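Next come the chains, spelled out residue by residue.
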Amino acid sequence: MKEVPFFSVSGSHYECGRQLGTNFKAQIYKYLDLCKNEPPPNLTWQECVNHADRFVEITKQCFPQIIEEIQGTAAGSGIEFIELFALTIEELYSESYSLKGCTDIVLLPPASEHTIVIHNNDLPGSFYDVLTQVEWNFDDGTQMFTVGLGGFMVSVGVNNSRLVLSGNALTPTDVRVGIPRALIARAILLAKTFDEAIEIANHPNRASSYNNIITVPNKSVSVEGSATSSDNILPKNGVLTHSNHYCSKKMLPFEGHPNYTSSIERFNAANRITGTANEPVDLKTAELWLADHSPNDVGDDNTLCRHGKTSETTFGFAVDLNTGIVEVASGHPCQNSFKKVWEIK
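What counts and what doesn't
- Each chain has its residues counted from 1, running along the sequence as written.
- Note on the predicted model: pLDDT of at least 70 is required for a residue's local features to be given, and 80 or more for side-chain atom pairs to be given and counted; whole-chain, interface and lining totals, by contrast, use all residues.
- In computing side-chain properties, one takes all heavy atoms of the structure into account and sets aside hydrogens as well as water.
- Using only the protein atoms, space was sampled on a 1 Å grid; points where a 1.4 Å probe fits but cannot get out form cavities, open sets with protein on both sides within 12 Å along at least five of seven lines form pockets, and lining residues are those with an atom within 4 Å of a point.
- Grid points are joined across faces, edges and corners, and a volume is the space filled by probe spheres set on the points.
- For helices the rule is a DSSP run of H or I covering at least 4 residues; for strands it is a run of E covering at least 2, with both sets numbered from the N terminus onward.
- When residues are sorted by character, Ala, Val, Leu, Ile, Met, Phe, Trp, Tyr, Cys and Pro go into the nonpolar class, Asp, Glu, Lys and Arg into the charged class, and all the rest, Gly among them, into the polar class.
- Residue contacts are counted whenever heavy atoms from the two residues lie within 4.5 Å of one another.
- Only protein chains enter the calculation, and the probe is 1.4 Å; a residue is then buried if its accessible area is under 20% of its type maximum, exposed if over 50%, and partly exposed in between.
- Here, a strand pair is defined by DSSP locating no fewer than two bridges between the strands.

Focus: empty space enclosed by the protein
For the structure shown, the criterion picks out two cavities of 30 Å³ or more. Of the volumes computed, that of the largest cavity is approximately 240 Å³. Only β3 (116-123), β7 (163-168), α6 (181-188) and β8 (211-216) provide two or more residues apiece to the lining of the largest cavity. Taken together, the residues that form the lining of the largest cavity break down as ten nonpolar, eight polar and three charged.

Listed below in structure tokens is the structure:
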């Protein structure tokens, strides 16, 4: 399988966005076409665009630099800003949340001698050609690496403060107008510290929330959120796992997709694999877990390496925060090897 394309940008937030828009124009137009051709239930795409202004206003007040990135992407790609912003509002797609799925495992001492984050990202297969890898070099010296959609959308990432953002789509029932959860995830990578990142994940003006997993050397937390509530899940014995359903008792009342079989089975598989490790795990061993097809050695909708009809693993992401090495497997990790793509400097 062809590798997810990589591009390096530098400058102000606007200039980085403009460079992304110019270089990833084809991916952005395809992303827009995919969303236009399959709008949310009971809404046309134009109605989605018409809703966007209310989300823009709140986001601009809280994170103007992210608005600047999208404005730059619009200038570089030739697409109207408001249409690009509408792409970020997953809250309009609440009935389609289950199409997105991810599985995460974080390892800290004593489970590993290093701090390791691994993540499988699951999407409809048609989105593979929209995926991008980006190295960001901002004027203030901040650097980060992200994998996401169309360059400007962030699924996972790590910055040069050795802070990793990963996590999982959830199906909260209290969606409202606010900062789109996809942009909350992007904003977390603005953070320099663990506590600052948690504060951003819990931003009071969020429209909804992912399960945002925030990891720094020797510390990790799973911030299970919705629009109006959240709870923190901490590692046990150096292990943190999560997929696409609420695990915290506090958050169960917000579950919009109860008995989500794929998520439950992937979560159980992650716990089973980590529970059988007999010695501290290194990055290469952890990466092998993302290719797992247990319990029957056949990949399907319920395996860590997902092979579903509506959603499949489109990339694997792995970070060792002690060495600073970041690796990505383009496509299914069972068929495609992990390769070093970035190093924290």
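Some remarks on the side chain of H203
Looking at the element boundaries, H203 is found in the loop between α7 (194-201) and β8. Beyond its immediate chain neighbours, meaning those up to four positions away, H203 contacts C62, F63, I179 and I184.

Thoughts on the pairing of strand β13 (residues 325-330)
β13 sits mainly inside the fold: six of its six residues count as buried. Residues I325, E327 and A329 point to one face of β13 and V326, V328 and S330 to the other, with burial holding for every one of them. Pairing between strand β12 (residues 312-320) and β13: six bridges, direction antiparallel. Among the inter-strand pairings, V319 is bridged to a residue of β13, identified as V326. What sits between β12 and β13 in their antiparallel hairpin is a turn of four residues, with G324 showing a positive phi close to 80°. With four bridges connecting them, β13 and strand β14 (residues 339-343) associate as antiparallel partners. What sits directly across from V328, in β14, is K339.

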